[in-house]
Each structure stands twice: as structure tokens, then as C-alpha cells.
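Observations on the three-dimensional arrangement
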Amino acid sequence: MSETLSVERRDGWHKLTLNRPDKLNAANEEMLRALLAALDAAETDRVCRAVLLTGAGRGFCAGQELGPAMMPGPDGPPDLGAAADLHHAVVRKLRSVPLPVVCAVNGVAAGAGASHALACDIVLAARSAKFTMAFVKIGLVPDSGASHFLTQRIGEARARAMAMLGEAIDATRAEAWGLIWKVVDDDALMPEAESLTATLAKAPTEALARMKRLFAVAGSNGLDAQLDLERDAQAAAGRSADYAEGVRAFREKRSPVFQGRE
Ligand code: T3D
């Protein structure tokens, strides 16, 4: 258990809160490893069917901790490629964990902090939150998937300008551009994010996991390849208890009760 990440087990879902508020939750190695462990724990906890990620205090995450380890030392410059691997492991885990991951961006999301938010499945942001590709301000390039997420969601013109200028965009613009799902008034952010996560925790979890696998390749696959994958995923979904329950509930004119994880 690390103090850099708080983990709350709710009814069918886990809430993970980045917890270095005095540094706007800048990510150090301890926090990234704690986040990876918490996502592993959510995956192996059979009653956990959704995850909510947010930040403590006034920021979501200010990206990589710019501490002494990020400065050139007597042995030369730091190996940022190696450090990036840990951020990238978190991004890969957020994308591949077979559970829906909601992100509640409660304040500034900068550099790799923005990337981690964008790697989640559904992103809500407080109206006062901002997204900034801060990398360029310190001579770095977008990483942790930022160049991928930006190009896919907001198009190359906006992606290049955000990356090269490092200007912050506010949550309202992020929503208008399709970078995130929804902007929410500050006071409403946490109740709405928790309610959404609780709703997802009652969804047909295996179907959502299959959707994640479809979306992971939808941007790079041609239509034919994607149609084949959809057919295979649908065939598997059609054999699930949740599908049987969904159709039964429809015919009986009642709400379905999905088991989620088989
Ligand atoms: O190997 C690799 O993979 C490298 C990885 C790189 C990925 C990256 O994420 S590179 C980008 C790193 N992040 C940044 O460059 C952002 C740095 N922070 C900022 O530009 C600003 O803090 C913000 C725009 C995010 C917010 O500005 P503001 O004015 O709201 O807050 P502030 O006053 O600047 O920050 C509040 C405190 O948080 C402050 O501490 P203090 O002075 O009160 O003791 C500040 O130093 C600290 N803080 C903010 N960001 C970081 C940080 N401390 C350490 N590392 C940070 N990244």
C-alpha cells in the first residue's frame, strides 16, 4: 500500500485517487507502480466490475515528477526512455484491463498526466480542469500515448498545435473537440463520476471487455478486418449468461441483472 495512491473498494467498483496533492499529483515511480498494482488488483478481484481514477486536491496529475532524478547528473543525462517505459506500462494496462475505467479529471492534467486521463475509457472533466501538452515547455515530446490519442480524437491540425505550443485547453473545449466525453460543473464532477462508475459496475462486464479489445484496433484496422473481429466478439458475447439474461429481461419487460464476470 502506497500513500501516493488511495484505493477505496466500493460496491462492485474501485476508486483510485492519485495522492500527491502538494505537487498536483505529479507522477513518481512509487505512484506509477502503485497504480499498476491497483489495476492488477481490480482485475483479479472477482467482484470488481469497474474502476474510477481521479486526483486529490486541485490537480489531476501534473505529469512526470520533475525532481532531481530528471536532471543531468555526473554520469550524464537521465535515461528518459527507461522512465517512459513505466508510464507506458500504465497506459497499456488502462487500455487492456478487462474492466471499464472512468476518469474524473478534477483539475489540471499535464504531460503524461493528460495521457493517463486520455487512456481511460470514459473521461469526465470538471469545468475548471485544463489539459496541457506540457512536454514541449521542457524540451520533450508527447509520450504515454499523447501523440496517438490527440491525433485520433481531435485531428492532426489541433494535435500538432497542442503539442508544439503546449497551450492549455479548458475542459469545455476538450469536450467540444471530442478529446473527452463530457464536461461537468466542478461540484457535480465526483457525484456524476461515481454514479457513472456504479452504473458501469452493473453492466455486462465481459461485453465491455470485448468492446475494449475491438476499440483497441478499430483505428488501425480496415473495415473487413474489423467486421471479422466484431463477428467473433459477437459470437462469444452471444454465448454469455449476460446475453441470455439481457434478452430474457427484454422479453419479460424488466431491467436485466447482469452477472458481469463469468
Ligand atoms: O522518461 C519519461 O517518460 C519522461 C516523462 C515525461 C512525461 C511528462 O509528463 S513531461 C511533463 C512534465 N510535467 C510538466 O512539465 C508540468 C509541470 N508543471 C506545470 O507546468 C504547472 O505546475 C501546471 C501547468 C501543471 C500547473 O500550474 P499551476 O500554476 O496551477 O501550479 P504550480 O504552482 O506550477 O504547481 C503547484 C506545485 O506543484 C508547485 O510546487 P510548490 O512550488 O508549491 O512547492 C510545483 O512545483 C509542483 N509541481 C507541478 N508540476 C510538477 C510539480 N512538482 C514536480 N513535478 C511536476 N511535474
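Fair warning: this is a prediction, and the values are worked out from it, not measured in the lab.

**Things to note about unusual backbone geometry**
With phi around 50°, Leu 24 is a residue other than glycine that occupies positive phi space. If you trace the backbone, Leu 24 turns up in the loop between β2 (14-18) and α1 (29-44). Although it is not a glycine, Asn 25 adopts a positive phi angle of roughly 60°. Looking at where Asn 25 falls in the secondary structure, it is placed in the loop between β2 and α1.

**Some words on the site of the ligand**
Taken together, 23 residues lie near the ligand, and Ala 62, Gln 64, Leu 66, Leu 80 and Ala 112 sit nearest. Within the backbone of Ala 84, one N or O atom sits 3.2 Å away from an oxygen atom of the ligand. In the environment of the ligand, an oxygen atom lies 3.2 Å from a nitrogen or oxygen atom belonging to the side chain of Asp 143. In the complex, the protein chains occlude 64% of the 1,000 Å² of accessible area that the ligand would expose alone. Those elements that provide at least two residues to the shell around the ligand are α2 (80-96) and β6 (108-110). In terms of residue count, α2 provides more of the shell around the ligand than any other element does, four residues in total.

Rules used in this analysis
- Residues numbered from 1 in each chain as written.
- Predicted model: local features only at pLDDT ≥ 70, side-chain atom pairs only at ≥ 80, totals over all residues.
- Heavy atoms only, no water.
- Helix = DSSP H or I, 4+ residues; strand = E, 2+ residues; numbered from the N terminus.
- Near = heavy atom within 4 Å.
- Polar contact = N/O pair within 3.5 Å; in protein donor to acceptor, adjacent residues only side chain to side chain.
- Areas by Shrake-Rupley, 256 points an atom, 1.4 Å probe, with all protein chains shown as cover.

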